[in-house]
Amino acid sequence: MDERHPDGFLKHPREAIGKRDPAERRGDYREIYAPSWEEAHLRRQGERCMDCGVPTCHGGCPIGNLIPEWNDLVYRGQWREALERLHATNNFPEFTGYTCPAPCEPACTLAYNADAVAIKSLERAIVDKGWEMDWIRPEPPRHRTGKQVAVVGSGPAGLACAQQLNRAGHTVTVYERDESLGGLMTLGIPDFKFDKRQVTRRLDQLRREGIVFQTKVEVGVTVSLAELRERADAVCLAIGAQAHRDVSVPGRELAGIHFGMTYLTDENRRQAGGGPVSIDAGGKRVVVLGGGDTGADCVATAHRQGAVDVAQISVRDQPPATRPEDNPWPWQPSIFEQTYALEEGGQALYALDVTAFVDEDGDGRVDALMAERVKWTLDTQGRRIDKTVLEHDVRVAADLVLIAIGFGGAQAQALAQQGITLTDSGRVAADESMMTSLEGVFTTGDSRRGPSLVVWAIGEGRDAAHHIDGYLMGESRLPPSLATQSPPTDD
Ligand SMILES: Cc1cc2nc3c(=O)[nH]c(=O)nc-3n(C[C@H](O)[C@H](O)[C@H](O)COP(=O)(O)OP(=O)(O)OC[C@H]3O[C@@H](n4cnc5c(N)ncnc54)[C@H](O)[C@@H]3O)c2cc1C
Ligand code: SF4
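What counts and how
Residues numbered from 1 in each chain as written. Chains lettered and ligands numbered in written order. Predicted model: local features only at pLDDT ≥ 70, side-chain atom pairs only at ≥ 80, totals over all residues. Heavy atoms only, no water. Axes fitted to C-alpha atoms, helices over the stretch in contact; angles between N-to-C directions. Helix = DSSP H or I, 4+ residues; strand = E, 2+ residues; numbered from the N terminus. Parallel < 35°, antiparallel > 145°, perpendicular 65-115°, else oblique. Left-handed = near helix turned anticlockwise from the far one by under 90°. Contact = heavy atoms within 4.5 Å. Nonpolar A, V, L, I, M, F, W, Y, C, P; charged D, E, K, R; others polar. Near = heavy atom within 4 Å. Core = buried A, V, L, I, M, F, W, Y, C linked by side-chain atoms within 4.5 Å. Buried < 20%, exposed > 50% of the residue type's maximum accessible area, 1.4 Å probe, protein only. Pairing = 2+ DSSP bridges. UniProt positions renumbered as here; feature names shortened; annotations may be inferred. Disulfide = S-S within 2.5 Å. Domains from an automatic or database assignment. Buried area = accessible area lost by both parts, 1.4 Å probe. Salt bridge = Lys/Arg side-chain N within 4 Å of Asp/Glu carboxyl O. Polar contact = N/O pair within 3.5 Å; in protein donor to acceptor, adjacent residues only side chain to side chain. Areas by Shrake-Rupley, 256 points an atom, 1.4 Å probe, with all protein chains shown as cover.

(A) Just the packing of helix H10 (residues 156-167) against helix H12 (residues 197-209), in detail. Two elements in contact, H10 and H12, have axes whose closest approach is 10 Å; the angle formed by their N-to-C orientations is 30°. When the interaxial angle is binned, H10 and H12 end up roughly parallel. Where H10 crosses over H12, the handedness of that crossing is left-handed. Residue-level inspection shows Leu 159, Gln 163, Asn 166 and Arg 167 of H10 in contact with H12, the latter providing Leu 203, Gln 205, Leu 206 and Glu 209. The residue makeup of the contact of H10 with H12, split by class, is three nonpolar, three polar and two charged.

As structure tokens, then:
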């Protein structure tokens, strides 16, 4: 093996794993990403890491992934060791390697004045290789502690928490209200962004490690929290934050207006063999309200269903093309980036504030929405505090409206009646050790943090496991994740 060149970034341009041609991919439900690259190419990308001494990328990654270490191991062709270092901080690197918006990359030192290392692509390549080589195997604990833990919710937070606790020797049962496991990884994020085979093989690993799953159990309804508390020594609520935000304007009751999540879940169930969809964009003019991830996934799904026209409306102004002065490196750049969905077609409309949905032909269905074109005054945190109306009565034709303007808090009303305190914004309230208002009941992931990202959910799950293990055993050897800068232990 050649000696590593610390100036690899001068020799090799950044080339991240790309996506398939937009015109081709919008016609199918296969993953939008191109296949991975050849080994020699991957090593050159690993060599671009200059091992800068103060790895700002590492700080940009919420779970503190050991990025420079695995960049170097990839460069040296030591894939198995790279996989071990990746798994030291991340239970499910393929969840992030495919879906993470990669806040590590703008924080890479190279991004100060050049192209960042293709960190997310390397993460994906390492874990892809791990599966391909059959290196990812069940790791059941050697000893059982005799303690029982109930994890409620099977999204990335619940699964990470369950795997950590099980590996610490506790006996873990995961309760899920849906018929399928995986939370938003399965029923929210579309197949073409994240193939469900990736969830299935992790679930298989978890089962073989000894974790038990029970589906169609809604804790607080099917079984009370008190009952669960009697069965288990500790409970962890990883129930997500899927309460929809709505638009309260005249005409909201018209047919043809749905929540984006209902629409996406419907299509995900169809892809899993669940029969025809109840909301179909085929042949329709579709308007998606909301400029975030869920909105983008609605746009892309509508194209695949055969919509004739798709518009995505954002209430905010279009972000600038370059970083504003008050948004320097290594902060996350607040700049315009074309989404994968709009690369495939459709138009983005900015700074439109919806005022009404209208039924123009009197058939009870939506035909258009009306909006004001606005200019916002923002506070120092970028929050909208005031608006100036630049134009009234902007009309946008629509046969199907999908509302994807974000989520409120957790769907936890039944649990709130059983002693769980919620915050003003509807999250499950917890102390610094992630314990809720009930002794021995913890919370993690979106239900604690509010709607977030897969990487944060995994880190939350790991942290909750650390706290629960400490609660059960007096101290924990499980590494904490988000709340610490300490490197993980090798235990
Ligand atoms: C459409 C969409 C696209 C997204 N795309 C991305 C992306 O590209 N990249 C990214 O990083 N993030 C993305 N996100 C965000 C990401 O999916 C979430 O942040 C993450 O899934 C949160 O994980 P979680 O485990 O906390 O909750 P969830 O994934 O929401 O899982 C919670 C689980 O708890 C179950 N549950 C709820 N209440 C109960 C109960 N009472 N009893 C039993 N079970 C219960 C739910 O059915 C669900 O399975 C997206 C979100 C959406 C909606
Ligand atoms: S999990 Fe996300 S932020 Fe962390 S290294 Fe991977 S892509 Fe980067």
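(B) A look at the site of ligand 2. Taken together, 13 residues form the shell around ligand 2, and within it Cys 61, Asn 65, Cys 100, Cys 104 and Glu 123 come nearest. The greatest single-element share of the shell around ligand 2, amounting to three residues, is contributed by helix H9 (residues 119-132). Of the residues belonging to the shell around ligand 2, the class tally is nine nonpolar, two polar and two charged.

(C) How the structure looks around the nonpolar core. Val 151, Cys 161, Leu 165, Phe 213, Tyr 263, Val 286 and Ile 468 are the most contacted members of the largest nonpolar core, which totals 55 residues. With six residues, helix H19 (residues 454-473) is the single largest residue contributor to this core.

(D) Structural context of the sheet that holds strand E5 (residues 257-259). Strand order in the open sheet made by the five strands is E5-E12-E6-E7-E8, with parallel pairing throughout. In the strand order of this sheet, the two ends are held by E5 and strand E8 (347-349), each with one partner. Neighbouring strand axes in the sheet, compared pairwise and without regard to direction, differ in orientation by 25° on average. Across three bridges, strand E7 (residues 309-313) lies against E8 in parallel orientation.

(E) View of the UniProt feature "domain: Dihydroprymidine dehydrogenase" (unreviewed entry) in the protein. UniProt records the feature "domain: Dihydroprymidine dehydrogenase" (unreviewed entry) at residues 29-134, using the numbering of this structure. Counting secondary structure, residues 29-134 comes out at 54% helix and 0% strand; the distance between its end C-alpha atoms is 26 Å.

(F) Quick look at the state of the cysteines. If you walk through the whole model with that rule in mind, you get zero disulfides. No disulfide involves Cys 236; its sulfur sits 4.0 Å from that of Cys 161, the nearest cysteine.

(G) Spatial organisation of the domain arrangement of the protein. One can read the domain layout of the protein as domain 1 (8-132), domain 2 (148-242 + 408-473) and domain 3 (257-403). Averaged C-alpha coordinates put domain 2 and domain 3 at centres separated by 30 Å. Across the contact, 14 residues belong to domain 2 and twelve residues belong to domain 3. Across the domain 2 to domain 3 interface the summed buried area is about 940 Å²; carbon plus sulfur atoms make up 52%. If you sort the residues of domain 2 by the area they bury against domain 3, Leu 187, Phe 192 and Lys 193 come out on top, with a joint share of 52%. There are three salt bridges connecting domain 2 and domain 3. Here Asp 297 ties to Lys 193 by a salt bridge, and the two come within 3.0 Å at their closest N and O atoms. Applying the counting criterion to the domain 2 and domain 3 interface returns eight residue pairs in polar contact (both at pLDDT 80 or more). Looking at the side of domain 2 that touches domain 3, its residues break down into six nonpolar, three polar and five charged.

(H) Broad picture of the site of ligand 1. Taken together, 36 residues lie near ligand 1, and Thr 99, Glu 176, Gln 242, Asp 446 and Val 454 sit nearest. Here an oxygen atom of ligand 1 sits 2.8 Å away from a polar atom, N or O, in the side chain of Gln 242. Here ligand 1, which alone exposes 1,000 Å², has 98% of that area covered by the protein. Elements represented by at least two residues in the shell around ligand 1 include exactly H10, helix H14 (260-271), helix H15 (293-305) and H19. Along the lines of polarity and charge, the residues of the shell around ligand 1 split into 17 nonpolar, eleven polar and eight charged. Counting contributing residues per domain, the shell around ligand 1 is built from domain 2 (148-242 + 408-473) and domain 3 (257-403), each supplying no fewer than three.

(I) The environment of Thr 443, seen in detail. Among the structural elements, Thr 443 can be located in strand E13 (residues 441-443). For Thr 443, a relative accessible area of 0% gives the class buried. Along the chain, Thr 443 and Phe 9 lie 434 residues apart, while their C-alpha atoms are 43 Å from each other. Not counting residues up to four positions away in its chain, the partners in contact with Thr 443 are Cys 236, Leu 237, Val 428, Ala 429, Ala 430, Met 434, Thr 436 and Arg 448. From its side chain, Thr 443 meets the backbone oxygen of Leu 237 in a polar contact 3.0 Å long.

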